[in-house]
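Chain residues, written in single-letter form:
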Amino acid sequence: MKIAVLALQGDFAEHETVFAALGHRTLQLRQKRDLQQDFDALILPGGESTVQGKLLRELDMFDELRSRISGGLPVMATCAGLILLAAQILDDPTVHLGTLPVAVRRNAYGRQKESFRTIGNFGPLQNISMSFIRAPQIEFCSPDAEVLAEHGGRITAVRQGRQLAMAFHPELTSDYRTAQYFLNEIVSK
Ligand code: GLN
């Protein structure tokens, strides 16, 4: 499989490591012409959603990515990537790609020092290590989205159609089952 990783800012290299370890080719999307390459799935990494959103627009990658995701390109997003996909950012008029019917609140767990790691279930997967770093909370989610993980009464991972998004960073752990789930359940189907 060929996995494209948005590589404008953030922890794209960690995502590449995961998919390479699972035996797949990865390619970096850094500029508009990179979108002409053939790929089976897209990864939106963690980082800073404001910076990534701004660069997507400045580099004129925004419209094409949005229409490909709306058209069914499989996408897996972590943390800032979730914010890029969200249809609504609470207390903020900004909408980036807006393809995922969730409302998120940025930095809802607090600042960097409030970052934490926990273990939780993710859909059928048990005991997944989840790293939350200045993470957003998913406050609302459309009934047609499937909730895959929760922590402290909050939704932390959802899937709708071919979009999979989570508030935490599985790519910062050595447990690659979340990426494998994405490949098996979304990309290969
Ligand atoms: N706080 C960041 C944002 O608002 C997300 C943090 C992350 O991706 N770890 O974009």
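In the block above lies the structure referred to throughout.
Residues numbered from 1 in each chain as written. Predicted model: local features only at pLDDT ≥ 70, side-chain atom pairs only at ≥ 80, totals over all residues. Heavy atoms only, no water.

A short note on the packing of aromatic side chains
- In the structure shown here, the tally under the stated rule is six aromatic pairs.
- Where F116 meets F132, the ring centres are 4.6 Å apart and the plane angle is 5°; that geometry is what we call stacked. Of this pair, F116 sits in strand β7 (residues 116-122) while F132 sits in strand β8 (residues 125-132); the two residues are 16 residues apart in sequence, bridging distant segments of the chain.
- Accessibility expressed as a relative area gives 24% for F116, which makes it partly exposed.
- Residue F132 is classed as buried on the basis of its relative accessible area of 1%.
- Taken together, the aromatic side chains of Y109, F116, F122, F132, F168 and Y181 make up a single cluster linked through ring pairs. (Phe/Tyr/Trp six-rings, centres within 6.5 Å; stacked < 30°, edge-to-face > 60°. Helix = DSSP H or I, 4+ residues; strand = E, 2+ residues; numbered from the N terminus. Buried < 20%, exposed > 50% of the residue type's maximum accessible area, 1.4 Å probe, protein only.)

Quick word on the pattern of salt bridges
- Tallying each qualifying case throughout the model produces eleven salt bridges.
- The partner of E185 in a salt bridge is K189, with the nearest N and O atoms 3.0 Å apart.
- Because the salt bridges share partners, they merge into one network encompassing E48, R106 and R134. (Salt bridge = Lys/Arg side-chain N within 4 Å of Asp/Glu carboxyl O.)

Points about the nonpolar core
- Core analysis: the largest hydrophobic core is formed by 61 residues, its most contacted members being L6, L29, L85, F122, L164 and F182.
- For this core, the element with the most residues is helix α5 (residues 177-187), which contributes six residues.
- Not counting chain neighbours up to four residues away, the residues in contact with F182 comprise F19, A41, L42, I43, P74, V75, M76, L164 and V187. (Core = buried A, V, L, I, M, F, W, Y, C linked by side-chain atoms within 4.5 Å. Contact = heavy atoms within 4.5 Å.)

Notes on the site of the ligand
- What surrounds the ligand is the set G46, G47, E48, S49, C79, A80, I83, R106, N107, I133, R134 and H169.
- With respect to the ligand, the backbone of G47 contributes an N or O atom lying 2.8 Å from an oxygen atom.
- Residue R134 places a main-chain N or O atom 2.9 Å away from a nitrogen atom belonging to the ligand.
- Contact with the protein chains hides 98% of the accessible area of the ligand, taken as 300 Å² for the molecule alone.
- Here the shell around the ligand is built from residues that sort into four nonpolar, five polar and three charged. (Near = heavy atom within 4 Å. Polar contact = N/O pair within 3.5 Å; in protein donor to acceptor, adjacent residues only side chain to side chain. Areas by Shrake-Rupley, 256 points an atom, 1.4 Å probe, with all protein chains shown as cover. Nonpolar A, V, L, I, M, F, W, Y, C, P; charged D, E, K, R; others polar.)

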